[in-house]
Amino acid sequence: MPSPLRARLTAVLALSLGALLAVTALVSRPASAASTLNQLAKAQGRYFGSATDNPELSDTAYTAILGSDEFGAITPGNSMKWDATEPSQGQFSYTKGDAVVSFAKARGQIVRGHTLLWHQQLPGWLTSGSWTAAQLTSILQNHIANVAGHYKGQVYSWDVVNEPFNDDGTYRSDLWSNTLGTGYIATALKAARAADPNAKLYINDYNIDGTGAKSDAMYNLVKSLQAQGVPIDGVGFQGHLAIQYGFPTNMQQNLQRFADLGVDVAITELDVRMVLPADATKVATQAQYYTNVVKACLGVSRCVGITIWDYTDKYSWIPGVFSGQGSALPWDENLAKKPDVYGAINTALGGSGGGTPPPTTGCKVAYSANDWGSGFTATVTITNQGPAISGWTLKYSYSGDQKLSQGWNGTWSQSGKDVTVTNTSWNGTLATGASISAGANFTYTGTNTAPTAFAVNGTTCT
Ligand code: G2I
């Protein structure tokens, strides 16, 4: 065989073998296993993210979930704001922001930078100074050049300007607009583009999720910036919703009209609060709101992603600001998924609702004792791994002469070596995955051996 032909045949054979292997690989790969929020969002070309902040990053149970496949994007809640990054004029501090960026980077998550310019969380030197327009412009440009320059290439987007409008659509009266007029917005966007040409530049606000005066004002602002050739890549719809105020009007159409201007849109700070206590009706409404938001975003091809304003009630800003309100997020204060709320988001993203199915039976008890020789404080934490229960009784036994003196977070009693703890009026309800801790003081002589067998409502726990 002449060698060029042999070479060609070998090549053809190699190609077909390669194609065959490729086909085999495709066929034998299991069907898409997307089940977490970000996997599901990613399958539709979006991200699903959470806000976080430095104090939370030392909570390892919390970071295990934050760093999991549930989230593909992180927004630092506070650590890139002006008071954190330029606490004294010209002195920049990036330790906290860097911690968030390196957390995200290590896990392949993108970062939404938040925020270069706002009317809140400004350092004292800035708010108490009296500045000419020229001075304030240069302060603003210097801040953005430094902060966006420091994070150049490391953030996916910047909320360059945060909350410029009042609810009636007029410009907020603050340091920026009062000193610089509304032109500060263009100044900030241009400075951000110069500092990090690849970051997507956003204006971000609340109460613009639906149509209305404030949303119209934002729409007109974007149009006018575009007409002036000012860089603007996206609009952030914060999505701080409350079930008692109703769902925003025509949310999807509203997102779409911005997208039609040629900018990206994103849901940047989603949470859905309620007046406490939560009940089944309120949770159903809340779950519907989450569903509506996810569907509105998925219905708009330029809606690039959804971020919830932290994922757990444990670190929500809401109770501190709206007294008596909360329960706004899909994970509860014990970091357990709320089946209805998480399930609604997961389902709206195209999943089967559950994520990882929880075990459907049983319970788990963690026991610890703080012993001072003649007595100790026992702490028991019950986790319900079965269907929701209303009312629990925990039983266990000691091997020595441990004697109950006083208990709390439960009704404690003892008969010989056997200890019984039942729920109080306020902690009897345990959803699947939920935990409750109770404690008691005991006295003893001799040795204090920890009990090893526990039963809740008659079921032996692990
Ligand atoms: O207010 C909710 C959000 C509305 N949109 C813009 C977001 O940047 C804003 O986030 C919140 C943070 O989640 C809070 O954590 O902004 C608040 C400030 O308005 C943050 O709260 C502040 C507390 O008010 C301060 O007392 C505290 O020192 O957080 C600071 C840092 O922990």
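Look a little higher up for the structure.
Computed from a predicted structure; not experimentally measured. For every chain, the first residue of the written sequence is number 1, and numbering continues from 1 along that sequence. Local features are withheld for residues below a pLDDT of 70 in this predicted model, meaning they are given only at 70 or higher, and side-chain atom pairs are given and counted only at 80 or more; totals for whole chains, interfaces and linings count all residues. Side-chain measures were taken over the full set of non-hydrogen atoms in the model, leaving aside hydrogen atoms and water.

Asker: What is the right way to look at the overall build of the protein chain in this model?
Answerer: Under the DSSP-based scheme used, a helix requires at least four consecutive residues in state H or I and a strand at least two consecutive residues in state E, with every element numbered from the N terminus. A tally of regular secondary structure across the protein chain gives 14 helices and 21 strands. Exposure categories follow from relative accessible area, calculated using a 1.4 Å probe and restricted to protein chains: below 20% of the type maximum is buried, above 50% is exposed, and the middle band is partly exposed. Buried positions account for 48% of the 462 residues belonging to the protein chain. Each accessible area is a Shrake-Rupley result for a 1.4 Å probe, and residues are judged covered by the shown protein chains and nothing else. Summing over all exposed atoms, the protein chain offers an accessible surface of approximately 20400 Å²; the carbon and sulfur share of this is 55%. Only four residue types enter the tally: Lys and Arg on the positive side, Asp and Glu on the negative side, with His and both chain ends excluded. The atoms used to mark charge sites are NZ of Lys, CZ of Arg, CG of Asp and CD of Glu. Computed over 29 positive and 31 negative side-chain charges, the separation of the two mean positions in the protein chain equals 9 Å.

Asker: How should the packing of helix α12 (residues 280-298) against helix α14 (residues 339-348) be read in this particular structure?
Answerer: Angle between the axes and distance between the axes are the two parameters that describe a pair of packed helices. To define axes, lines are fitted to C-alpha atoms, for helices over the stretch in contact only, and angles between the resulting N-to-C directions are given on a 0 to 180 degree scale. Two elements in contact, α12 and α14, have axes whose closest approach is 8 Å; the angle formed by their N-to-C orientations is 20°. Looking at the two axes, α12 sits roughly parallel to α14. Crossing hand, α12 versus α14: right-handed. When α12 is examined against α14, the residues Val283, Gln286, Ala287, Tyr290, Thr291, Val294, Lys295 and Leu298 are found in contact with a partner set consisting of Asp340, Val341, Ala344, Ile345 and Ala348. Residues are grouped as follows: Ala, Val, Leu, Ile, Met, Phe, Trp, Tyr, Cys and Pro are nonpolar; Asp, Glu, Lys and Arg are charged; every other residue, Gly included, is polar. Its residues assigned to classes, the contact of α12 with α14 comprises 9 nonpolar, 2 polar and 2 charged. An angle below 35 degrees is treated as roughly parallel, one above 145 as roughly antiparallel, one from 65 to 115 as roughly perpendicular, and anything else as oblique. With the far helix as reference, a near helix turned anticlockwise by less than a right angle produces a left-handed crossing, and one turned clockwise produces a right-handed crossing. Note on contacts: a residue pair is in contact if any heavy atoms of the two residues lie within 4.5 Å.

Asker: What is the right way to look at the environment of Gly246 in this model?
Answerer: With respect to the secondary-structure elements, Gly246 resides in the loop between β7 (240-242) and α11 (251-259). Sequence-wise, Gly246 and Met80 are 166 residues apart; in three dimensions their C-alpha atoms are separated by 32 Å.

Asker: Whenever I open this one, the nonpolar core confuses me. Can you help?
Answerer: Most often, soluble globular proteins have nonpolar side chains that are buried together. By convention a nonpolar core is built from buried Ala, Val, Leu, Ile, Met, Phe, Trp, Tyr and Cys residues, the set being connected through side-chain atoms within 4.5 Å. If you look at the biggest cluster of nonpolar residues, it comprises 93 residues, and the most contacted ones within it are Trp158, Trp176 and Ile267. Residues in contact with Trp176, not counting those within four places in the same chain, are Trp82, Leu117, Trp118, His119, Leu122, Leu126, Leu136, Leu140, Gly181 and Tyr184. Counting residues in hydrophobic clusters, the runner-up holds 25 residues, among them Trp392, Leu394, Ile436 and Ala438.

Asker: How do you make sense of the site of the ligand when you look at a structure like this?
Answerer: Nearness of a residue to a molecule or strand requires only that one of the residue's heavy atoms be within 4 Å of it. By nearness alone, 13 residues border the ligand, and Lys81, His114, Gln120, Glu163 and Glu269 come closest of all. By the criterion applied in these results, polar contacts are pairs of N or O atoms within 3.5 Å in which, for protein atoms, one can donate a hydrogen and the other can accept it, and in which residues neighboring in sequence qualify only through two side-chain atoms. Gln238 is positioned such that a nitrogen or oxygen atom in its side chain is 3.1 Å from a nitrogen atom of the ligand. Between Trp309 and the ligand, the recorded distance is 2.9 Å, taken from a side-chain N or O atom to an oxygen atom. Compared with its free state, where it exposes 620 Å², the ligand has 58% of that area covered by protein. In terms of residue class, the shell around the ligand is built from 3 nonpolar, 7 polar and 3 charged.

Asker: Would you explain the packing of aromatic side chains in this entry?
Answerer: Any two aromatic rings considered together are summarised by their centre-to-centre distance and by the angle between their planes. Stacked, edge-to-face and tilted are the three classes for Phe, Tyr and Trp ring pairs, Trp counted by its six-membered ring, which pair at centre distances within 6.5 Å; planes under 30 degrees apart are stacked, over 60 edge-to-face, the rest tilted. Taken as a whole, this structure holds 28 aromatic pairs when the rule is applied. A centroid spacing of 5.1 Å and a plane angle of 70° characterise the contact between Tyr398 and Phe442, whose relative ring orientation is edge-to-face. Here Tyr398 is found in the loop between β14 (393-397) and β15 (403-408), whereas its partner Phe442 is found in strand β19 (residues 435-443), with 44 residues between them in sequence. Assessed through its relative accessible area of 3%, Tyr398 is described here as buried. Taken together, Tyr367, Phe376, Tyr396, Tyr398, Trp412, Phe442, Tyr444 and Phe454 form an aromatic cluster joined through their ring pairs. Cation over ring: Arg107 sits above Phe103, and NZ or CZ is 3.7 Å from the ring centre. In this analysis the charged atom, NZ for Lys or CZ for Arg, is taken to sit over a ring once it is within 6 Å of the ring centre and within 35 degrees of the ring normal. Residue placement shows Arg112 over the ring face of Tyr202; its charged tip is 4.8 Å from the ring centre.

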